[in-house]
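Spelled out from the first residue to the last, the chains are:
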Amino acid sequence: MATRRRRFTAAFKKRVALETLRGDQPVQAIAAKHQVPPNQVSAWKRQAVEGLDAVFSGSRSKGRSEYEETIRALHARIGELAVERRFFLRGLGS
């Protein structure tokens, strides 16, 4: 009988990682409370700590500006295609 892998939401992972970072309880107690293996809790904690660098370094804004630039380029391309379409429709209508 195959076992299904459980999938955890980002909100759940964040809650568990923050609880671990507080340091009020040991990792084993938090893992038992949430019915998650202790090594998984430790991994989420490590990911949270490593992700803090990105929060304070401003790399998110870089990703955001790249996203906005991509959107801008795509909108420009849509405009070009609309102009070409009108041009060819006029040619077919003649």
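Refer to the structure above for everything that follows.
Residues numbered from 1 in each chain as written. Predicted model: local features only at pLDDT ≥ 70, side-chain atom pairs only at ≥ 80, totals over all residues. Heavy atoms only, no water.

**So, the overall build of the protein**
Spelled out, the test is: Each helix corresponds to a stretch of at least 4 residues labelled H or I by DSSP, and each strand to a stretch of at least 2 residues labelled E; elements are numbered beginning at the N terminus. Each radius of gyration is computed over the set of C-alpha atoms, and the globule rule expresses the reference value as 2.2 Å times the number of residues to the power 0.38. A simple rule labels every residue: compare its accessible area, found with a 1.4 Å probe on the protein chains alone, to the largest value its type can have, and call it buried under 20%, exposed over 50%, or partly exposed in between. A contact between two residues is defined here by any heavy atoms of the two lying within 4.5 Å. To be clear on the numbers: accessible area is Shrake-Rupley with a 1.4 Å probe, and residue cover counts the displayed protein chains and nothing else.
For the protein, the helix and strand inventory stands at four helices and zero strands. Across the protein, helices and strands are ordered from the amino to the carboxyl terminus as α-α-α-α. Rg of the C-alpha trace for the protein: 25 Å, well past the compact-globule value of 12 Å for 94 residues, more than 25% over. Principal axes of the C-alpha set define a box for the protein whose edges measure 80 × 45 × 15 Å. Per-residue burial for the protein yields a buried fraction of 14% across its 94 residues. Within the protein, contacts between residues separated by at least 24 positions form 44% of all contacts whose residues are at least 6 apart in sequence. Accessible surface for the protein amounts to roughly 8200 Å². Of this, 56% is attributable to carbon and sulfur atoms.

**Notes on the nonpolar core**
Put simply, the test is: To form a nonpolar core, buried Ala, Val, Leu, Ile, Met, Phe, Trp, Tyr and Cys residues must be joined to one another through side-chain atoms within 4.5 Å.
F12, V16, A17, V27, I30, A31, V36, V41 and W44 together form the largest nonpolar core, which totals nine residues. Sorting the residues of this core by element identifies α1 (10-22), α2 (27-34) and α3 (38-57) as the ones contributing at least two each.

Don't take any of this as a statement about function, it's just geometry.
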